[in-house]
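Close look at the chain arrangement
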Amino acid sequence: MKRKNWSKAGVKYFLFLMILFLSVIPGLAQERPVHYNLEVELLPETASLQAKETIVWTNLSRDYVPDIHLHLYWNAFKNELSTLAKEAGQDKILKRFRIKKDEWGWIKITSLTTADGQDLLPAAVFISPDQPPNPHDQTVLRVVLPQPLAPGQAVNLNIDFQARVPKNGLRTGYFRNGFFISQWFPKPGVYEEGRGWNCHEYHLNSEFYADFADFQVKITVPKDFVVGACGQEMERTEEQTAGKVTYTYAQENIHDFAWTASPRFIKLERWFKGEEEVTLQEYQEMAELVGLTVQDIKLPDVRMILLIEKQHKNQADRHFQALKAAIKYYGLWYGPYPYQTITMVDPPFRTGSGGMEYPTLLTAGTSVILEKEVLSPEQVIIHEFGHNYWYGLVASNEFEEAWLDEGINTYSTSKVSALAYGAGKPSLKAIGLPLSWMIKLPAVYDWQLARIISAPVVKLDPIVNASWKFYNSGSYGLNVYHRAATSLYTLERLLGEKTWARVMRTYHQKYRFQHPRTEDFIRVVNEVSDQDLSWFFQEFFYGAKDFDYAISYVETRLKPEKYQGIFDDLSGRTSGQASETTGPAPGQKKDKFKAKIYETIITLRRYGEIKLAPGYALKLQVEFEDGSTEEREWDGQNRWMRFNFEKPVKIKRAVLDPEGLWLVDTNLSNNSYARKGPATRILSATGSLVWLMQNLLVTFSGWL
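Note that this is a predicted model, so its numbers are computed, not measured.

1. Quick notes on unusual backbone geometry
Cis rather than trans, the peptide bond between Gln131 and Pro132 has omega equal to -5°. Looking along the chain, the bond that leaves Ser376 and enters Pro377 is cis, with omega of 20°. By the secondary structure assignment, Pro377 is in the loop between strand 22 (361-363) and helix 7 (378-386). Residues other than glycine seldom take positive phi values, yet Gln183 does so here, at roughly 50°. Checked against the element boundaries, Gln183 lands in the loop between strand 9 (178-181) and strand 10 (187-188). For Gln183, a relative accessible area of 4% corresponds to the buried category. The backbone phi angle of Phe513 is positive, close to 65°, even though this residue is not glycine. Mapped onto the fold, Phe513 is located in the loop between helix 11 (497-510) and helix 12 (518-529).

Structure below.
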């Protein structure tokens, strides 16, 4: 058959139809509301920035928008009356910043015009959108537009600004000639249709929320500085006479941009290759688990870039291996990493920027002296890379629902770490030196530690809460990170590995490059599992109540052969004053070798306020000295339940929830009983030690 030839006009018409088709399918062709073009020069001698910025913001809503709200984050470090500084002072944390009078950070817009030259600066005002209002805070600027933007209209803002880098700010800073620069440029909040601008002040505990955008950024630094940034390096030009170098970086479809510069960096590059890092068997097993084909889950190659301080160069292999593990497992579980590069930074010393995440860029955190069994910097690298999925791709609102980022990512980090490295020992240091030679801590998995340290804060705050409304930073961190992760582990155990794997992948894929909320996550859980688990989220995420079921009392006693007393029947009194239970019948000789019968009574209690939903039950498993076992179930609705057993042997041990499904139980030390051995003597002491550890941790966390 003769092949039909396509004319140029036909090809153009076909392409037009394809573009039109894609434009009406949500998620396939998605217009981004913001485009940034930035030019910045770092002046190390004054720790300052000189910059120009062009923002093109398009109104993708059906509202008429009269203004734009801009984040000016560095004004949080401008004085002691900013919202962040006041919250830090109340939380005993301000001293952590160590900001002196000549080391304040700030950002100042010197020119703000539209594309046609209209000056918008005179009508711009600082606002305090959060409660209680703080008239001294200058981290949100309201810019009134010449006329409201109609749906589909765009505005071009040309901005000149100056900025002073805070000496040791939160997530940004400098020390000597090492700089880490984040949250540094005027940045629009997120316009939510029907609700207006979501643009919060810079709070102590909160992180960020922004629209997906396209960035092109030119960074000028002294020629001996090594630079790393979000996105890909597109061009590098050197000004020989001025002793400067300008780096041009670009990246589409990200919602933030950070960079770093230091003459002490060593730049190393390696590749993550999907065909080498993942075996065919691993692909097949994962494809079966999530219900896809092997081709659907294949991982692309990714260029890994490491900027590492010279004194840490011998740790490069550890950094790259951890990053490979993160790219592999996050990619297999949730979907391939969609960008071509990932830059990993060993942050400049004393810049306050360790352990942070930005799209396509992360900061790790290490020290010169490392402990072999402590997974640092590995766990930091895995966690911060993971934020490229939770926050980076699924861009939830960290101001208002931080658990959707931090909680899900803490859960994911612990799973990657367990697969790649197994259990690790907690880090214990004094003045920066490890104490492992003196104090031997056991190796634990992250999920075990998370359950223990988050238990004391369950009654302080709910997990779903605005970040600045938590009792203190300890409650924020333990609830949002560890209690949320423990709750997710519980859901995984309740639903099973396959169902949960499909829940998580479905949620991630459905909301990539979007801004989901908690109700969206709950909807996916219910749909994929075909269960209504809304009760679980209401109790464990929206509530601040305790979940604690326990074995409160166990008694084992020999059942008597005769019960003493007077026993009547319908015809009157019986012939004796005792009723035989296990003794011989009248006229029979007593068998002195007859087996004894033991009565065991186990009382269960619900100490917590949370109770199981109808249809769920707690399992009680009882083991006896002859090796036999019996199981009972309790729906947990009442405050207590009592079970009776009669056996020719005594009880050996009893366990409530033997499969460990309910990790959200805040006191597992009361979930088991053993009749013999040291466990019975140290049970109460162990429980006390666990609670002492928990309360010490939460107390100290308030001073972090």
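2. A look at the pattern of salt bridges
Here the structure, examined in full by the defined rule, presents 37 salt bridges. Measuring nitrogen to oxygen at the nearest pair gives 3.6 Å for the salt bridge that ties Asp160 to Lys52. Residue Asp160 is located in strand 7 (residues 154-164), and its partner Lys52 is located in strand 2 (residues 48-58); the two are separated by 108 residues in the primary sequence. Take Asp160: its relative accessible area is 25%, and that puts it in the partly exposed class. Glu400 is paired through a salt bridge with Arg517; the nearest N and O atoms lie 3.0 Å apart. Here the residue Glu400 occupies a position in the loop between helix 7 and helix 8 (403-421), and Arg517 occupies one in the loop between helix 11 and helix 12, the gap between them amounting to 117 residues.

3. Things to note about empty space enclosed by the protein
Applying the stated criterion across every chain, the model contains 3 cavities of 30 Å³ or more. What the largest cavity holds in volume is close to 110 Å³. If you trace the largest cavity, you find 15 residues lining it, with Val458, Arg483, Thr486, Val664 and Thr666 closest to the centre. If you list the elements that add at least two residues to the lining of the largest cavity, you get helix 9 (446-454) and helix 10 (473-495). Class assignment of the residues belonging to the lining of the largest cavity gives a composition of 7 nonpolar, 4 polar and 4 charged. Here the lining of the largest cavity spans two domains, and each of domain 2 (429-540) and domain 3 (549-678) adds at least three residues to it. By volume, the second largest cavity is sized at about 50 Å³. Taken together, Lys187, Phe208, Tyr209, Ala210, His255, Asp256, Tyr391, Ala395 and Ser396 form the lining of the second largest cavity. Here the residues of the lining of the second largest cavity are counted per class, giving 5 nonpolar, 2 polar and 2 charged.

4. Side note on the sheet that holds strand 3 (residues 65-71)
Here we have 4 strands laid out as an open sheet, ordered 5-6-3-10, and antiparallel in their pairing. Unpaired on one side and paired on the other, strand 5 (125-126) and strand 10 mark the two borders of the sheet. Where strand 3 meets strand 6 (residues 140-149), 6 bridges bridge the pair, whose relative direction is antiparallel. Note on strand 6: the bridge partner recorded for His69 is Arg142.

5. Regarding a nonpolar patch on the surface
A cluster of nonpolar side chains, namely Leu428, Met438 and Ile439, defines an oily patch on the protein surface of about 240 Å² accessible area. With respect to the helices, strands and loops of the structure, Leu428 is situated in the loop between helix 8 and strand 23 (429-430). In this structure Leu428 comes out as partly exposed when scored by relative accessible area, which is 31%.

6. Overview of the nonpolar core
If you look at the biggest cluster of nonpolar residues, it comprises 170 residues, and the most contacted ones within it are Trp184, Phe257, Trp259 and Phe521. Top element by residues in this core is helix 6 (residues 316-334). It accounts for 12 residues. Beyond its immediate stretch of four places on either side in the chain, Phe257 contacts Trp184, Phe185, Phe215, Val217, Ile219, Ala229, Cys230 and Tyr249.

7. Regarding helix 6
Its 19 residues give helix 6 an end-to-end C-alpha distance of 27 Å, which sits within 8% of 27 Å, the value for a rise of 1.5 Å per residue. Buried residues dominate helix 6, accounting for 16 of its 19 residues. Looking one or two residues beyond helix 6, the residue adopting positive phi is Gly335, at roughly 135°.

8. Description of the pairing of strand 16 (residues 244-254)
Burial within strand 16 is extensive, with 9 of its 11 residues counted as buried. In terms of strand pairing, strand 13 (residues 213-222) meets strand 16 through 9 bridges, oriented antiparallel. Within strand 16, the residue paired with Ile219 across the bridge is Tyr247. Alignment of strand 15 (residues 232-239) against strand 16, held across 7 bridges, turns out to be antiparallel. The partner of Glu233 across the bridge, within strand 16, is Tyr249.

Analysis parameters
- Residues numbered from 1 in each chain as written.
- Predicted model: local features only at pLDDT ≥ 70, side-chain atom pairs only at ≥ 80, totals over all residues.
- Heavy atoms only, no water.
- Helix = DSSP H or I, 4+ residues; strand = E, 2+ residues; numbered from the N terminus.
- Buried < 20%, exposed > 50% of the residue type's maximum accessible area, 1.4 Å probe, protein only.
- Salt bridge = Lys/Arg side-chain N within 4 Å of Asp/Glu carboxyl O.
- 1 Å grid on protein atoms, 1.4 Å probe; cavity = no way out; pocket = protein on both sides within 12 Å on 5 of 7 lines; lining within 4 Å.
- Points joined across faces, edges and corners; volume = space filled by probe spheres on them.
- Nonpolar A, V, L, I, M, F, W, Y, C, P; charged D, E, K, R; others polar.
- Domains from an automatic or database assignment.
- Pairing = 2+ DSSP bridges.
- Patch = residues over 30% accessible without salt bridge, like charges linked within 9 Å, V, L, I, M, F, W, Y side chains within 5 Å.
- Areas by Shrake-Rupley, 256 points an atom, 1.4 Å probe, with all protein chains shown as cover.
- Core = buried A, V, L, I, M, F, W, Y, C linked by side-chain atoms within 4.5 Å.
- Contact = heavy atoms within 4.5 Å.
- Expected span 1.5 Å × (residues − 1).

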